[in-house]
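Coordinate analysis (summary)
So you can see what is in the structure, the chains are spelled out below.
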Amino acid sequence: MNEVSGSMTDSARDHPLLELRNASKAFGNVVALANASLFAYAGSVVALVGDNGAGKSTMVKVLAGVHRMDSGELFLDGLPVTIDTPSDAQGLGISTVFQDLALVEALDIAANVYLGRPIKRGIFVNRPAMLEGAADLLRDLRIRVPSVRVPVGSLSGGQRQGVAIARSVLQHGRVIVMDEPTAALGIRETRHVEEIIVELRSNGRAIILVSHDLELVFRMADRIEVLRLGAVQGVRETKSTTREEIVGLITGILKEPVANQRPA
Amino acid sequence: MTRQAEPSTISSAEAAGVDRATTGGVALDQRILVSPQFLLVATIVVFSAFVTLESPQYLSVLNWTNILRNAVFIFIVGSFSTYVLVSAGLDLSVGSIFVVGALTVANLLFAGVPIWLSIAVAVAFGVAAGLVNGVLVNYVRIPSFIVTLGMLYVARGLATFVTGGRPIAPLPEAFNVIGQGDIFGVPLLIVYAVVVGVVAHVILEYTPFGLALRAIGGNREAARVAGIDVRRISVVVYMLSGASAAFAGMLMSARLGSGQPSVGTGFELQVISAVIIGGTSMFGGIGSVTGTALGALVLSILANGLILLRIDPTLQNVMVGCIIVAAVAIDQFRRSRMFRGFRR
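Residues numbered from 1 in each chain as written. Chains lettered and ligands numbered in written order. Predicted model: local features only at pLDDT ≥ 70, side-chain atom pairs only at ≥ 80, totals over all residues.

**Some remarks on the overall build of chain B**
A count of helices and strands for chain B gives 15 helices and two strands. Of all 344 residues assigned to chain B, the portion counted as buried reaches 50%. For chain B, long-range pairs separated by at least 24 residues make up 77% of all intrachain contacts whose partners lie at least 6 apart in sequence. (Helix = DSSP H or I, 4+ residues; strand = E, 2+ residues; numbered from the N terminus. Buried ≥ 20, exposed ≤ 12 C-beta atoms within 10 Å, placed from the backbone. Contact = placed C-beta atoms within 7 Å.)

Have a look at this one:
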């Protein structure tokens, strides 16, 4: 966490930590993304909203390395990077909390938190260290679970969300992408996820929040980007927009010229 | 890991080491209650007590040596079939690869090829068959049931065709010792099984590879997006399965002192039975080599005990069938207790 806040100089605030430029992706004849761009700043939350099929999930999967974009560029800290696999994304510090959470029910919490990158001791898995690390992390995030030894399959929706978020935090993601992080949660659990987002934001991470829930978006986001039919319909500062304007962009009643999407 | 669902001295030792609220284990009584291994041990003890009452020679060292020796082949192959099932795959071709190993080594030896080379080639054939299985399952995306069913026919057909389907004997005495000798009174076959079993167990439970295997079987997509090279690991699993089957077939030729084209028929079903009885889930993610050891032991004890009880051996199949169904019923029950929203 420290290396992120340490690098948060003024220039880091001015320049986006992550820039996705003109990303396009088609599945057969279906165009999921059409020249869509996205900017995410350190210590800031950008919300990605749009109707079903607007391309939100595709953009998430492009950033996570699950889908390769057909064309477009990605910059991290101003440097061009490519993401071909999920490992590439993780290696670059882009962590994703998927909507379906991507957890293994049969494995316990500790194994899920360290999924794909277990702590090693020689050729073996250092299980005591993983138990400790997972327990510490969940305690830090105030995610309440009976024990990090219980299988994820036995957890509630909120607890699963907590485990999925803990995993992205553990990967030292400088960019954390959250796809519908509160969709399956009750009011109290949603509040808790919001607290975690605020904390991650104040730690200098760039958060990309995908959500249908405009209440949540207006509470959490610094900027709101609206996707429609795979393209960017508009980008607004949260404090200088209204719910009506965002809904108008989502439904396509309002449309912003593409040239204005770039930050000043 | 699924260790919290199984009684294990290691996990309780770990629990003591990190004795804090959020790293605690599941209560011991709960673990035992839902543990298939516990029921297996209980079954073995009750059955053994019953057989001993009727036939005291059951408990003799000689008889138990026999029981263990008969379990060796199923266990060695079953250890890696456990990997296949834990990674949510299936390998029906192990019986045919078994006979490929048995006939390859016998033919090469008969032709005067050195022992070490004959064994190496036999095992290499098993690895190659496993590679084909793994590639077809993971890269061509044909279901493992179909791929390995195909390999079941192809491997046995090729083995019979190439060797002419005739038994091959005699084999060099130096080779036969591999399957017939003993060390300090312990048959070498049992020594191999212990070594293979310990290695297979340690890899599955304590290495990143084993953890990745469970992740793949538990949720392949989650494993993939977590950066695990799902297809490569799965291919390696099928190669290990093929290698173990060919190796066991080679051991069978050494034990019999001849290459028999009829060995290994129906062997794949015995292996899968042992693995399932041992508590490994058909649905992936859950399973252990220790469970498979108990499963192989149950099959061997049943065969031995029913003969001593002078019960018609054909009834053995009836019992095995019932035990398999009961084992899967327990697995379902266990999953429904462990996982919320479990539906299958």
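**Focus on helix α9 (residues 188-206) of chain B**
All names here are of chain B. A rise of 1.5 Å per residue sets the reference length of α9, with its 19 residues, at 27 Å; its end C-alpha atoms lie 27 Å apart and thus fit the reference within 8%. Within α9 the residues assigned to the buried category are Leu-189, Ala-193, Val-196, Gly-197, Ala-200, Ile-203, Leu-204 and Glu-205. Buried-residue contacts for α9 involve α4 (61-86), α8 (173-180), β2 (186-187), α10 (208-218), α12 (230-256) and α14 (289-308). (Expected span 1.5 Å × (residues − 1).)

**Some thoughts on the interface of chain B and chain A**
Across the boundary between the two partners, chain B contributes 33 residues, which contact 37 residues of chain A. The set of elements that each furnish at least two residues to the side of chain B that touches chain A consists of α1 (9-17), α10 and α11 (220-225) of chain B. Its residues assigned to classes, the side of chain B that touches chain A shows 15 nonpolar, twelve polar and six charged. (Nonpolar A, V, L, I, M, F, W, Y, C, P; charged D, E, K, R; others polar.)

**A word on the sheet that holds strand β5 (residues 79-81) of chain A**
Residues and elements named next belong to chain A. Read from one edge of the open sheet, four strands run β2-β1-β4-β5, paired in antiparallel fashion. Across the chains shown, the open sheet's two edge strands, defined by having one partner strand only, are β2 (30-40) and β5. Strand-to-strand, the axes of this sheet are offset by a mean angle of 30°, without reference to chain direction. With three bridges joining them, strand β4 (residues 71-76) and β5 adopt antiparallel strand pairing. Counted as the bridge partner of Leu-74 is Val-81 from β5. (Pairing = 2+ DSSP bridges. Axes fitted to C-alpha atoms, helices over the stretch in contact; angles between N-to-C directions.)

**Remarks on the nonpolar core**
Counting residues in hydrophobic clusters, the biggest one holds 182 residues, and the most contacted among them are Ala-134 and Leu-209 of chain A. When residues of this core are assigned to their parent elements, the largest contribution, 16 residues, is made by α12 of chain B. When near neighbours in sequence (up to four residues on either side) are disregarded, Leu-209 of chain A contacts Val-45, Ala-47, Leu-48, Met-178, Val-217, Met-220 and Ala-221 of chain A. (Core = buried A, V, L, I, M, F, W, Y, C linked by C-beta atoms within 7 Å.)

**Focus: unusual backbone geometry**
Residue and element names in this part refer to chain B. The amide bond that connects Ala-169 to the next residue, Pro-170, takes the cis arrangement and shows omega of -5°. Tracing the backbone through its elements, the reader meets Pro-170 in the loop between α7 (144-163) and α8. Positive phi outside glycine occurs at Ala-88, with the angle close to 65°. Residue placement: Ala-88 occurs in the loop between α4 and α5 (94-110).

**Quick notes on the sheet that holds strand β3 (residues 44-49) of chain A**
Residues and elements named next belong to chain A. Strand order in the open sheet formed by six strands is β6-β9-β10-β3-β11-β12, and the pairing between neighbours is mixed. Sheet topology places β6 (94-97) and β12 (231-237) at the edges, where each strand pairs with a single neighbour. Between one strand axis and the next, the sheet turns by 20° as a mean value, whatever way the strands run. The sheet contact formed by strand β9 (residues 175-179) and strand β10 (residues 206-210) spans five bridges and is parallel. Paired with Asp-179 across the two strands is Val-210, which belongs to β10. The strands that helix α10 (residues 243-251) touches are β3, β11 (223-228) and β12; relative to β11, the one it contacts most, it runs at about 25°.

**As for α5 of chain B**
With 17 residues, α5 of chain B should cover 24 Å at 1.5 Å per step; its first-to-last C-alpha distance of 24 Å lies within 8% of that length. For α5 of chain B, a buried count of 16 out of 17 residues is recorded, marking the element as mostly surrounded by other parts of the structure.

**Notes on the environment of Glu-195 of chain A**
Residues and elements named next belong to chain A. Looking at where Glu-195 falls in the secondary structure, it is placed in helix α8 (residues 187-202). Assessed through the 12 C-beta atoms surrounding it within 10 Å, Glu-195 is described here as exposed. For the pair Glu-195 and Met-220, spaced 25 residues apart in the sequence, the C-alpha separation amounts to 9.6 Å.

**Describing the confidence of the model for chain B**
For chain B, per-residue confidence averages 87 on the pLDDT scale, and 88% of positions sit at 70 or higher. Per the prediction output, this complex has pTM 0.85; the corresponding ipTM is 0.82. (pLDDT = per-residue confidence, 0-100.)

**Thoughts on the pairing of β6 of chain A**
All names here are of chain A. The side-chain alternation of β6 yields two buried faces, one formed by Ile-94 and Thr-96 and the other by Ser-95 and Val-97. Summarising the sheet, β6 and β9 pair through four bridges and their orientation is parallel. Each bridged residue has a counterpart across the sheet, and for Val-97 the counterpart in β9 is Met-178.

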